[in-house]
Structure formats: C-alpha cells, structure tokens
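The lines below spell out each chain.
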Amino acid sequence: AGKLEDAVKQYQEAVKSDPEFSDALLAIGIILNKLDKAEEGLTYIRKALDIEPDCSEYWMEYANLIQNFNDTEDAIYAYSKAITLDPLNIKAWVEYSTMLIKVKNKKQAIKIIKNGIEKNPENPDLYYYYCGLLLSMKDKITAYEIFEKALQLNYDKHILLFDFHPEVWAMPALAGCY
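As the structure is a prediction and not an experimental result, all values here were calculated from the model.

Visitor: Any chance you could explain the environment of V94 here in plain terms?
Guide: Position of V94 among the secondary structure elements: in helix α6 (residues 90-102). For V94, a relative accessible area of 8% corresponds to the buried category. Along the primary structure V94 and A150 are separated by 56 residues, whereas in three dimensions their C-alpha atoms are 15 Å apart. Here V94 is in contact with I113, L126, Y129 and F164, once residues within four sequence places are set aside.

And the structure:
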C-alpha cells in the first residue's frame, strides 16, 4: 500500500497547484478506493465530476465506486449518463445492463444491450453479452441467432460469452466442447 499512498500524495500536490485538475482528483478517488477508503475516494470523484460533468470515464468510475455503498439507483443513473455522453463506451453498456440484472430488471437490461448494439452494430462484445443474457432467460432460438452474428463479427472473441455469463459453461449444448 506504500506506493499507492505515495501516489495519492503526489496527486494531492498536483491538485494543490491546480485545484481544477480533474484527472488528478479522479485518480485520487480511484486509489483511495483501492486503499479501502471508498467514502473519501467518492468525495474526490464527485469533485472531478463537478469540474468535468461531461466526461463518460468519470461517470463510469463514479458508478463503479458508488456500488460499494449498494447504491444501485445512483450507479444505474451514472452508467446511463456514461452511455449518453459516449455511446461508443462498450464497457458502459455492459455494466449498465449488468446493474439492471442485479436489480432484477432483465427486460430493461435487454433493452439497454439492444440499444448498445444499435449504436455499435459492429462490436462483437455486445452481441456476446446479449447472447448470454438471452440464454440465461432460456431464449435459445434468439440467443443462437445473436451468437451467429457475434461469431461473424469476431470468432476469436467467442470466449467473451463465458466471461460475461459463466453459467453458460454448464449448458448441455456446450458439454465437452471446451
């Protein structure tokens, strides 16, 4: 933890010389969270957002950190803000959908992923994620159609399906394939 604490001090020095240095504020927040000081880290990330409210990356970090406090509503809002600001942020689409699944709103999660695919039709990651989501909902026919499209976009990324939805490993259709 010594190196992380040193990094915080260095970033704090940078903020002293430029209080509007939002990247430094964000970095302090992220590091403090890693040091199990999430509440203090959240303060810094909020300051960064106050300075740069139109930065998708900042909203992503805020959403990731706010989950430590089980504030799913605020995290959902932050992920929504992140994709509004940067519709090409694939991780934001996936995290947003994942958060909706956590609050038992799979229909909205599917809607979000479909919107992500509309905005990023050539991104296989979203198709693989969507496929796994459909499989978890037992919609195998649509899932296989989506899987086929994902394979066409990038066959080598098919392992993402298992990263996004580990429960797919147990599916009978995949038994013995891996």
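Visitor: What is the right way to read the packing of aromatic side chains from this model?
Guide: The relative placement of two aromatic rings is captured by the distance of their centres and the angle of their planes. Under the criterion given, the structure shown has 3 aromatic pairs. Residues W59 and Y62 carry aromatic rings whose centres are separated by 5.9 Å and whose planes lie at 85° to one another, so their mutual orientation is edge-to-face. Of this pair, W59 and Y62 are both found in helix α4 (residues 56-66), 3 residues apart, which corresponds to roughly one turn of the helix. An identical accessibility class is assigned to W59 and Y62; each is buried. Taking 6.0 Å as the distance between ring centres and 70° as the angle between the ring planes, the aromatic pair formed by Y128 and F147 counts as edge-to-face. In this pair, Y128 sits in helix α8 (residues 124-136) while F147 sits in helix α9 (residues 140-153), placing the two residues 19 residues apart along the sequence. A relative accessible area of 0% places Y128 in the buried class. Linked through ring pairs, W59, Y62 and Y77 together constitute an aromatic cluster.

The rules behind each value
Residues numbered from 1 in each chain as written. Predicted model: local features only at pLDDT ≥ 70, side-chain atom pairs only at ≥ 80, totals over all residues. Heavy atoms only, no water. Helix = DSSP H or I, 4+ residues; strand = E, 2+ residues; numbered from the N terminus. Buried < 20%, exposed > 50% of the residue type's maximum accessible area, 1.4 Å probe, protein only. Contact = heavy atoms within 4.5 Å. Phe/Tyr/Trp six-rings, centres within 6.5 Å; stacked < 30°, edge-to-face > 60°.

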